[in-house]
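Listed below are the residues making up each chain.
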Amino acid sequence: MSSDLLVDLQDDLGGDDSPSAALDQLKLVQDKQWPPDDPFSMSKSASDIKSLDDKSHLSWDDPFYDIARHQIVEVAGDDNFGRKVIVFNACRMPPQHQLDHHKLLMYLKQTLDKYVESDYTLIYFHHGLTRENKPSLSWLRDAYREFDRKYKKNIKALYIVHPTMFIRTILILFKPIISFKFGQKINYVNYLSELEEVVKCDQLVIPNRVREYDDKIRLSLKPSVVPGPISPPLSPPLPFQQFGVPLSTLRHMAADSEGIPLVMRDTIGYLQENGLQIEGIFRRSANVSLVKDIKQKYNSGEEVNFTQLDNVHLAAVILKMFLRELPEPLLTYQLYNDIVNFHIPCVLLDVDTESQAERIRNMLMSLPEENYASLRFLIQFLAQVSAESEVNKMTNANLAVVFGPNLLWGQDASMTLSAIGPINNFTRILLDLHQEVFAQ
């Protein structure tokens, strides 16, 4: 019955002679107040131009290149709770006749395949979906059914940004085929500022059309109900603050004699004792309120005892969060270009492992002392984790996918997005060659 209803709705929305006047009035874009979007009127900001010029991270002869080049689906690092973030941009979908929707579904599945063994978050930017580029309702129904338990099990949240009456109605109509458990994971986000509770928006490549639409909505509101800015102004650090503080500052606060920050010592020390043989270590998220509580305790100077908490995944999330919230990445902006381009001479010149190790060693010598000490401490621990990979399923390649984006990112989100592959590759090589790199 639900399938018939969906087909009927598809027919209603697809033709001008629809018998259902009410459903025909549903708008994909709220163009009563704003002019309709042109699917190809991409923004011309510097960051968007760079992002679009990159087209895709696939070679031109890849079977999914024609899908990836539109940048409809992107991977955007971790959210505030250590979960991978997958972004779907409706405004980047070309008109229906220019996009193979079945291939888009296969590309989405291929992207998710790399991350579905870990907890992950899906963010859907709805603004920009129009009559010209919307997929059919039967495709949406089939797409949901195509995603079996493997994909649905570890998705922790689906955030629908700028929902319209259309998308809300679609979800009501899909209710008979959507499981109750999955339905509880769906969240509506009316303004980009609300996303800050989930993920740092400056780490996402949000299309300018979406940002501009958000600004229009905010300006249309009464001053008393205007939501706060996307990125709140920075406040001075607390006297004992551990998160979001430069390593050079932490070195003089609670770091040990080698400069290892307190959070890293606590989490890694606990995980070495209790987490090396836990399957899926670093792939699971933790209770949101617990994560916030532990972060607040560290920043307030309170003692945190992970042994008493007895929660391996909580310690793993706190470690990743600490690295991700550093004002400058552990591997520093200075090394960004060298690391992103590290693979080029290795491929062209067929560089042997000894030469690669020496090259990495020379690169890392430029790091500040506290960065080098913390990196060595972390990598040597991750090597212990991978040594137990037959049990915990975390090989060097898997660890690189988890930690790469937390060790290095660009100074703007589009730089990071286009470089995730090379950053992960460098992290894997660093783990493979850690004994040679840190031999001294």
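The notes below deal with the structure included here. (Residues numbered from 1 in each chain as written. Predicted model: local features only at pLDDT ≥ 70, side-chain atom pairs only at ≥ 80, totals over all residues. Heavy atoms only, no water.)

Hydrogen bonding along the main chain pairs the strands of a sheet, whether they run parallel or antiparallel. With mixed pairing, the five strands of this open sheet are ordered in space as E1-E2-E3-E4-E5. The sheet is open, and its two edges are formed by strand E1 (73-78) and strand E5 (186-189), each paired on a single side. For this sheet, the mean inter-axis angle between neighbouring strands, taken without regard to orientation, is 25 degrees. The sheet contact formed by strand E4 (residues 155-161) and E5 spans four bridges and is parallel. Of the residues in E5, the one forming a bridge with Val161 is Val189. Sitting on the sheet, helix H8 (residues 165-174) is in contact with strand E3 (120-125), E4 and E5, with an inclination near 165 degrees to E5. (Pairing = 2+ DSSP bridges. Helix = DSSP H or I, 4+ residues; strand = E, 2+ residues; numbered from the N terminus. Axes fitted to C-alpha atoms, helices over the stretch in contact; angles between N-to-C directions. Contact = heavy atoms within 4.5 Å.)

Glancing now at the pattern of salt bridges. Per the counting criterion, the structure on display carries 13 salt bridges. A salt bridge links Arg324 to Asp78, with the shortest nitrogen-to-oxygen separation between them at 3.7 Å. Of this pair, Arg324 sits in helix H15 (residues 312-324) while Asp78 sits in strand E1; the two residues are 246 residues apart in sequence, bridging distant segments of the chain. With a relative accessible area of 6%, Arg324 lands in the buried category. With relative accessibility at 3%, the residue Asp78 sits in the buried group. Between Glu369 and Arg251 there is a salt bridge, with its nearest N and O atoms 2.9 Å apart. Placement of Glu369 in helix H19 (residues 369-387) and of Arg251 in the loop between helix H11 (247-250) and helix H12 (262-274) is noted, with a sequence separation of 118 residues between them. Taking relative accessible area as the criterion, Glu369 reaches 56% and is therefore assigned exposed. On the basis of relative accessibility, which here comes to 32%, the residue Arg251 falls in the partly exposed class. (Salt bridge = Lys/Arg side-chain N within 4 Å of Asp/Glu carboxyl O. Buried < 20%, exposed > 50% of the residue type's maximum accessible area, 1.4 Å probe, protein only.)

Turning to helix H5 (residues 101-113), a few remarks are in order. The end-to-end C-alpha distance of H5, which contains 13 residues, comes to 18 Å, matching closely the 18 Å that a straight helix rising 1.5 Å per residue would cover. Those residues of H5 that sit buried are His101, Leu104, Leu105, Tyr107, Leu108, Lys109, Thr111 and Leu112. Lining the buried residues of H5 we find helix H4 (65-68), E1, strand E2 (84-89), E3, helix H6 (137-146) and helix H7 (149-153). Measuring from the side-chain oxygen of the N-cap residue of H5 to the backbone nitrogen of His102 gives 3.1 Å; that N-cap residue is Asp100. (Expected span 1.5 Å × (residues − 1). Polar contact = N/O pair within 3.5 Å; in protein donor to acceptor, adjacent residues only side chain to side chain.)

This paragraph deals with a negative patch on the surface. On the surface, a cluster of negative charge is contributed by Asp352, Glu354, Glu358 and Glu436. Along the chain, Glu436 falls in helix H23 (residues 434-437). (Patch = residues over 30% accessible without salt bridge, like charges linked within 9 Å, V, L, I, M, F, W, Y side chains within 5 Å. Areas by Shrake-Rupley, 256 points an atom, 1.4 Å probe, with all protein chains shown as cover. Lys, Arg positive; Asp, Glu negative; His and termini not counted. Charge placed at Lys NZ, Arg CZ, Asp CG, Glu CD.)

Right, let's get into the packing of aromatic side chains. Tallied over the entire structure, the rule returns eleven aromatic pairs. On the numbers, 5.5 Å between centres and 65 degrees between planes, the contact of Tyr144 with Phe182 is edge-to-face. Taken together, the residues span a long stretch of sequence, with Tyr144 in helix H6 and Phe182 in helix H9 (residues 180-183) at a distance of 38 residues. Each member of the pair Tyr144 and Phe182 is classed as buried. A connected cluster of aromatic rings, assembled from ring pairs, spans Phe243, Tyr298 and Phe322. Above the face of the Tyr144 ring, Lys152 is positioned so that its terminal group lies 3.8 Å from the ring centre. Of note, Arg168 hangs over the ring of Tyr188, and the distance from its end group to the ring centre comes to 4.3 Å. (Phe/Tyr/Trp six-rings, centres within 6.5 Å; stacked < 30°, edge-to-face > 60°. Lys NZ or Arg CZ within 6 Å of the ring centre and 35° of its normal.)

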